[in-house]
Amino acid sequence: MMIEDNFRKVVPYVPGEQPKDNDVIKLNTNENPYPPSPSVLDALAKVDNNSFRKYPDPDVTDLVQAIADYHHFKKENVFVGVGSDDVLAMCFLSFFNSGKEILFPDVSYAFYKVWADLFQIKYREVPLDENFNIVPKDYMVDNGGIVFPNPNAPTGLTLPLSDIEDIIIENKHKVVIVDEAYIDFGGETALSLINKYDNLIVTRTFSKSRSMAGMRIGYCIGNEQLISVLNSVKFSFNSYTMSDVAIKCGVASINDDTYFKNIVAKIIDTREKTKESLTKLGFTFLDSSSNFIFAKHNEISGEELFNALKENKIFVRHFNAPRINDYLRITIGTEREMEELISFLDSYISGKRG
Ligand code: PMP
């Protein structure tokens, strides 16, 4: 017997690189290139020693209430966590206990299978169709629960709400999680179905549209019974997940809706301009409704472009995985950053053509 025999063996999720160098154009982790609302920075400036000295509110009341009011739900419908990764992990622990396989798309958020392995949940990756779309009927089979992002990542494609509703109806006795990390950039939210079905959880994050990836705030909305199960599981693990600073900054962000909507509109505008420029350079891509574009070039491999960009201090994401290894996932940065990206690609591609 070796000490190692008692260790848990897992293959962890690999997050996108966070270079120390501030001088790079960072388009690799779907962060928001703009600062959070000035009212978030004001809230931060007002933080005093109590936020450090004392334990934070374990029920995260102020933030839960602000989110509930914003989406017109009750506070009993809202659960918050340290980024939506934390919320999703809690959902896996809380709802996927049937012993049956849970289902998620084969090209999707790579963390799903990591949590499934960590929590010893069986799973099956359901292939997207040849155009990278989710096929709803593939989720209407015996299973232990369902999770998928809408818009999907890294494809950026959305599933119509009527298809989502069909999946929920066909899976009455299982929890269906719709991961809406990118929904503010496009697609139709499933929040309107929460009061209609008691097996639906919608997860959201402050990391993308609210420019707060570093503050780690995520949440989900579901019926009271599901939220109460999540709270029991959370309080069996760690009572104080959200720092007081995060709670105060989160509330300030929610309360500045004008700023939020402006920033989102700006990113969508830059995304559409970037699509046009990429098309001119010989890229094809899926019609993203997100804050990233999943694109491949018709002559040059994804890996080559990824490396060339990186050498030039432009970071994008490349997944060395079946079906998608010719694609680059390019986060939408500022107008200037995207112009620099396009200008580099233009000279690199024309250089290759000689
Ligand atoms: N879901 C999807 C689909 C994502 O791409 C991400 C970002 N990596 C997350 C959830 C988690 O984001 P966060 O923990 O920052 O809320």
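Model, not experiment: these values are computed from the prediction.

### Brief notes about the overall build of the protein chain
Then, number 1: Within the protein chain, the regular secondary structure consists of 11 helices and 12 strands.
Then, number 2: For 354 residues, the compact-globule estimate of 2.2 N^0.38 gives 20 Å, and the protein chain sits close to it at 21 Å.
Then, number 3: Each of the three principal axes of the protein chain carries a C-alpha extent, and together these read 65 × 55 × 50 Å.
Then, number 4: Each of the 354 residues in the protein chain was classed as buried or not, and the buried ones make up 53%.
Then, number 5: Long-range contacts, defined here as pairs at least 24 residues apart, represent 72% of the contacts in the protein chain between residues at least 6 apart.
Then, number 6: Accessible area of the protein chain: about 16600 Å², with a carbon and sulfur share of 51%.
Then, number 7: Charge separation in the protein chain, taken as the distance between the mean sites of 38 positive and 50 negative side-chain charges, equals 2 Å.

### A look at the site of the ligand
Then, number 1: Around the ligand, 13 residues are found, and the nearest of them are Ser84, Asp179, Tyr182, Thr205 and Ser207.
Then, number 2: Tyr109 is positioned with one of its side-chain polar atoms (N or O) 3.1 Å from a nitrogen atom of the ligand.
Then, number 3: Within the side chain of Tyr182, one N or O atom sits 2.6 Å away from an oxygen atom of the ligand.
Then, number 4: When the ligand is considered free in solution it has 400 Å² of accessible area, and contact with the protein chains removes 91% of it.
Then, number 5: With 4 residues, helix 4 (residues 83-95) is the largest single contributor of residues to the shell around the ligand.
Then, number 6: For the shell around the ligand, the residue count by class is 5 nonpolar, 4 polar and 4 charged.

### Thoughts on the pattern of salt bridges
Then, number 1: Per the stated rule, a full pass over the model turns up 23 salt bridges.
Then, number 2: Glu101 is the partner of Arg124 in a salt bridge, and the nearest nitrogen-oxygen pair spans 3.3 Å. Of the two residues, Arg124 is situated in strand 4 (residues 123-126) and Glu101 in the loop between helix 4 and strand 3 (102-105); the sequence distance between them amounts to 23 residues.
Then, number 3: The salt bridge involving Glu272 is made with Lys275; its shortest N-O contact spans 3.0 Å. You can see Glu272 and its partner Lys275 sitting in helix 9 (residues 257-280), 3 residues apart, about one turn around the helix.
Then, number 4: With relative accessibility at 32%, the residue Glu272 sits in the partly exposed group.
Then, number 5: Overall, Lys275 belongs to the buried group, its relative accessible area being 6%.
Then, number 6: Shared partners join several salt bridges into a network, and the residues in it are Arg271, Glu272, Lys275 and Asp287.

### Here we look at the nonpolar core
The nonpolar side chains of soluble globular proteins are, as a tendency, buried together.
Then, number 1: Of all hydrophobic cores here, the largest spans 54 residues; its most connected members are Leu63, Val80 and Phe148.
Then, number 2: Looking at this core element by element, the count peaks at 7 residues for helix 8 (residues 244-255).
Then, number 3: Two domains each donate at least three residues to this core, and these are domain 1 (3-34 + 258-353) and domain 2 (38-256).
Then, number 4: With near-sequence residues (within four places) excluded, Leu63 lies in contact with Val80, Phe206, Ile217, Met242, Ile247, Gly250 and Val251.
Then, number 5: Grouped together as the second largest cluster of nonpolar side chains are 32 residues, Ile267, Leu281, Phe283 and Leu345 included.

### Side note on the packing of helix 10 (residues 302-311) against helix 11 (residues 335-353)
Then, number 1: Following both chains from N to C, one finds helix 10 and helix 11 inclined at 120 degrees, their axes separated by 11 Å at the closest point. Between helix 10 and helix 11, the angle is such that the two are oblique. Helix 11 is crossed by helix 10, and the crossing has right-handed handedness. Facing Glu304, Leu305, Ala308 and Leu309 of helix 10, the residues of helix 11 in contact are Leu341, Phe344, Leu345, Tyr348 and Lys352.

### Here we look at the pairing of strand 4
Then, number 1: In the sheet, strand 3 pairs with strand 4 via 4 bridges, with the strands oriented parallel. Note that in strand 4 the partner of Pro105 across the bridge is Val126.
Then, number 2: The handedness of the strand 3 to strand 4 crossover, carried by helix 5 (residues 111-118), is right-handed.

The rules behind these values
Residues numbered from 1 in each chain as written. Predicted model: local features only at pLDDT ≥ 70, side-chain atom pairs only at ≥ 80, totals over all residues. Heavy atoms only, no water. Helix = DSSP H or I, 4+ residues; strand = E, 2+ residues; numbered from the N terminus. Rg over C-alpha atoms; globule rule 2.2 N^0.38 Å. Buried < 20%, exposed > 50% of the residue type's maximum accessible area, 1.4 Å probe, protein only. Contact = heavy atoms within 4.5 Å. Areas by Shrake-Rupley, 256 points an atom, 1.4 Å probe, with all protein chains shown as cover. Lys, Arg positive; Asp, Glu negative; His and termini not counted. Charge placed at Lys NZ, Arg CZ, Asp CG, Glu CD. Near = heavy atom within 4 Å. Polar contact = N/O pair within 3.5 Å; in protein donor to acceptor, adjacent residues only side chain to side chain. Nonpolar A, V, L, I, M, F, W, Y, C, P; charged D, E, K, R; others polar. Salt bridge = Lys/Arg side-chain N within 4 Å of Asp/Glu carboxyl O. Core = buried A, V, L, I, M, F, W, Y, C linked by side-chain atoms within 4.5 Å. Domains from an automatic or database assignment. Axes fitted to C-alpha atoms, helices over the stretch in contact; angles between N-to-C directions. Parallel < 35°, antiparallel > 145°, perpendicular 65-115°, else oblique. Left-handed = near helix turned anticlockwise from the far one by under 90°. Pairing = 2+ DSSP bridges. Right-handed = clockwise from strand over helix to strand, strands pointing away.

Purely geometric stuff here, so don't read any function into it on its own.
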